[in-house]
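Structural characterization, general
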Amino acid sequence: MPSCLAARHHVLRTILSPRDLSIKLPALHDSRRAKQSRLFVAGRRRNASCTREYSSNAQTSNDSLGNKAPSSKYEYSALLHRISAFLPRALPGSTTDGGIQSSQLWTELLSEVDADLCSTLEAHPSARVVVCGADQWAGSHELITALLENPFTTDEAYSDILRNRWKNQSAYLTIDHGFLTSLVNGTLSIPASWLQQYPFPIQLTEIPSLSSHSSFPKTLLKGDVLILLCNPLTNHLPTLISTTKHILQRPNTILVLTTSSASEHALDHISKELAAANCTPGKILAADPIRALEAVSALKLDPSSPAAIQRYQNDFMGSRISLLGDVVAGMLGSKDSDRTSLPSSLLSAIRTRIFQARVAIDRIFTCASELQSQVEEVRARTDREVLVESGIDEALLRGSKEMKALLGSLTWLKMIWRVDEIDSLVSSALDKYWCRELESQLILQTGRLASTQTSLTSSTFSQLVKLASPSSLPAFHSCILDNHLRQLTHSPTYALTPDALTRPIQARRSQLTKYTTTRLHRDAQNAVLGAFGGMFGGAGVGWWLAFGESALSVGAGSEAGTALGAGALVAVASIRWAVGKWERAKRKWVEDAGRIGEGLKRDLKVTLERGIENNVAVVPMAAYEGLRELAGKQQEEIDVLRSDLISMQADVEALQTARPS
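Summary of the structure given here. (Residues numbered from 1 in each chain as written. Predicted model: local features only at pLDDT ≥ 70, side-chain atom pairs only at ≥ 80, totals over all residues. Heavy atoms only, no water.)

1. A look at helix H6 (residues 140–148)
- Here H6 lies mainly inside the structure; 7 of its 9 residues are buried.
- The complete set of buried residues in H6 reads Ser 140, Leu 143, Ile 144, Thr 145, Ala 146, Leu 147 and Leu 148. (Buried < 20%, exposed > 50% of the residue type's maximum accessible area, 1.4 Å probe, protein only. Helix = DSSP H or I, 4+ residues; strand = E, 2+ residues; numbered from the N terminus.)

In structure tokens form, the structure reads like this:
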């Protein structure tokens, strides 16, 4: 349908026809004003004829839908109620993104749509066209002025009020058609022909910048057509996508790049970039509102000048602003039948929210994995530092050499004189030499583990704060998990004591002292008793053989040497037995000490693992398990929401498919 602007261009082309330009200048000056008036009226009539034809087509379409309207109306209303019930589970009550993903905002919008749906079918509401600038340099003021300005009007207040409409206005401006030009309480009534070229009333809402008012999301979403202006010099495409993605995802959005030099190839590239970011606006145009406004202003200053008319034609057509009316007409032509645009936008917002929730869940799993990686790194590092760098094998070897040297110095003869001191002597040597350096080294490693514990705990809480911090993704914060972790940090078993790693050494040293050394002491006493018993027994045997009255006794004299030899043999045998027993006892003590040393290495490894699990990494591991559990529950909820979303999306598509063309 040719718009009013197209009709005006036809008027100007008629004015600039060769026949008119061939008229002599005096005649031209005499008849120019009357001809402009007649041709502009003819253009307005031609435009009105086009509008009546467009209205007739729309009325025919509405009549054809008369029979199906009630059932479709009830289905649509039921869908709205179902989506309204779904909203509290899918979207939060309030958000930090300006409200575009707030369930409260969408509930209000759906209630208003349902109220409009339940109103009488004869009442035709105004079509809402929202013109919004991405920033203050986008050119929304120039676009509205160029569209609504009438260069041939004799009403002085028309242009003055139109061009100065933003004086004493702060947020946004509503523009309606009226027979008189007036600006009252943020509403501009103006007899602009551009507002009359469609088959139903047009209400313009002008927003100079998205950041100038907090209630704009609702205003933007209520618009039947949204014209978003972007100046490529001040607002680059990635920035535009990040700030207006919810707008660019709507099919009734017209993205206008305020430049007249953009080629079709550049527009195709921008369209692909937007599609890659999941943004598919209804149309992408390149227009120059400033150039169009300058053309209108030049014509208004001297409407009778052929040069001004020619400049108007060149600049206005070159600005491409006339294409905007055709695109708006196409979108408004399907206004009645495309009632599913708002539910589609809502489901798109829910889909975006679910996607963000999935990304947030992935971030939680990533955070949990990072905590686990930190713990595993600490495990590997502490195994190397504590079990290898501390020198457990060297310490056991040195302790074994010291104890062997001590036991080697306790020969049979020396042992006899200190037989009652064997227990205390060996125990004292154990306390002094056996793994004493290793014990000091492990105390040092315990201090390092305490520092590592503090670092891991701090890192864990930092990760939780990062998850709970506001960002483009939904924040995650669990008071229960945070309270549980803080309880762990204040529990009595949380802190590492100096003897946390040395307890196995103390236990094994006590084992050596209590059992192995006690048995050595007892064997030494038995050996001494056996030796002296054998010596006394040998003397008794010799005396008995020499002086006893047995059959073997042959009297004094010739057999006295035999009796003495027999007694000496018994005494020497007992001493030899005692010496062997003592040496075997010492070897057995050394063997037991070696086995206890091997057990000590195993005990140290187990103690280190328990210390990491129960002390050093208790907070990050508890956070890891808690995050995975909570993320798993959220994942299940997201799967349920996604299933319901797919079902409602299918209902919306069914309504769109059932809509007659």
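2. Remarks on the sheet that holds strand S7 (residues 253–258)
- Taking strand neighbours across the sheet as the criterion, the 8 strands line up as S3-S4-S2-S5-S1-S6-S7-S8 in an open arrangement whose pairing is mixed. The strands lining the two open edges of the sheet, one partner per strand, are strand S3 (182–184) and strand S8 (283–287). Sheet twist, expressed as the mean angle between neighbouring strand axes with direction ignored, is 20 degrees.
- Sitting on the sheet, H6 touches strand S1 (127–133), strand S2 (173–177), strand S5 (202–207) and strand S6 (225–230), and the angle it makes with S5 is about 150 degrees.
- Taken strand by strand, helix H7 (residues 156–163) contacts S3 and strand S4 (187–190), and its axis lies near 150 degrees from that of S4. (Pairing = 2+ DSSP bridges. Axes fitted to C-alpha atoms, helices over the stretch in contact; angles between N-to-C directions. Contact = heavy atoms within 4.5 Å.)

3. So, the packing of helix H15 (residues 392–409) against helix H17 (residues 422–433)
- At their nearest, the axes of H15 and H17 sit 10 Å apart, and the two run at 155 degrees to each other. The orientation of H15 with respect to H17, classified from their angle, is roughly antiparallel. Judged by the twist between their axes, the crossing of H15 over H17 is right-handed. In this structure, H15 contributes Gly 399, Glu 402, Met 403, Leu 406 and Leu 407 to the contact, and H17 contributes Leu 425, Val 426, Ala 429, Leu 430 and Tyr 433.
- Class assignment for the residues of the contact of H15 with H17 results in 8 nonpolar, 1 polar and 1 charged. (Parallel < 35°, antiparallel > 145°, perpendicular 65-115°, else oblique. Left-handed = near helix turned anticlockwise from the far one by under 90°. Nonpolar A, V, L, I, M, F, W, Y, C, P; charged D, E, K, R; others polar.)

4. Digging into the nonpolar core
- Trp 412, Leu 485 and Leu 627 are the most contacted members of the largest nonpolar core, which has 79 residues in total.
- Beyond its immediate sequence surroundings of up to four residues, Leu 485 is in contact with Thr 460, Phe 461, Leu 464, Val 619, Ala 622 and Ala 623.
- Among the nonpolar cores identified, the runner-up in size contains 46 residues, and Ile 175, Tyr 198, Leu 204 and Ala 329 belong to it. (Core = buried A, V, L, I, M, F, W, Y, C linked by side-chain atoms within 4.5 Å.)

5. Observations regarding a nonpolar patch on the surface
- On the surface, a cluster of nonpolar side chains totalling about 320 Å² of accessible area is made up of Phe 532, Met 535 and Phe 536.
- Note that Phe 532 resides in helix H20 (residues 503–547). (Patch = residues over 30% accessible without salt bridge, like charges linked within 9 Å, V, L, I, M, F, W, Y side chains within 5 Å. Areas by Shrake-Rupley, 256 points an atom, 1.4 Å probe, with all protein chains shown as cover. Salt bridge = Lys/Arg side-chain N within 4 Å of Asp/Glu carboxyl O.)

6. A few points about helix H19 (residues 479–489)
- Taken residue by residue, H19 has Leu 481, Asp 482, Leu 485 and Leu 488 as its buried positions. Taken end-on, H19 shows its buried residues confined to a sector of 120 degrees, consistent with a single buried face. Residues Cys 479, Ile 480 and Gln 487 are exposed on H19 and point more than 90 degrees away from its buried face. (Arc of directions from axis to C-beta.)

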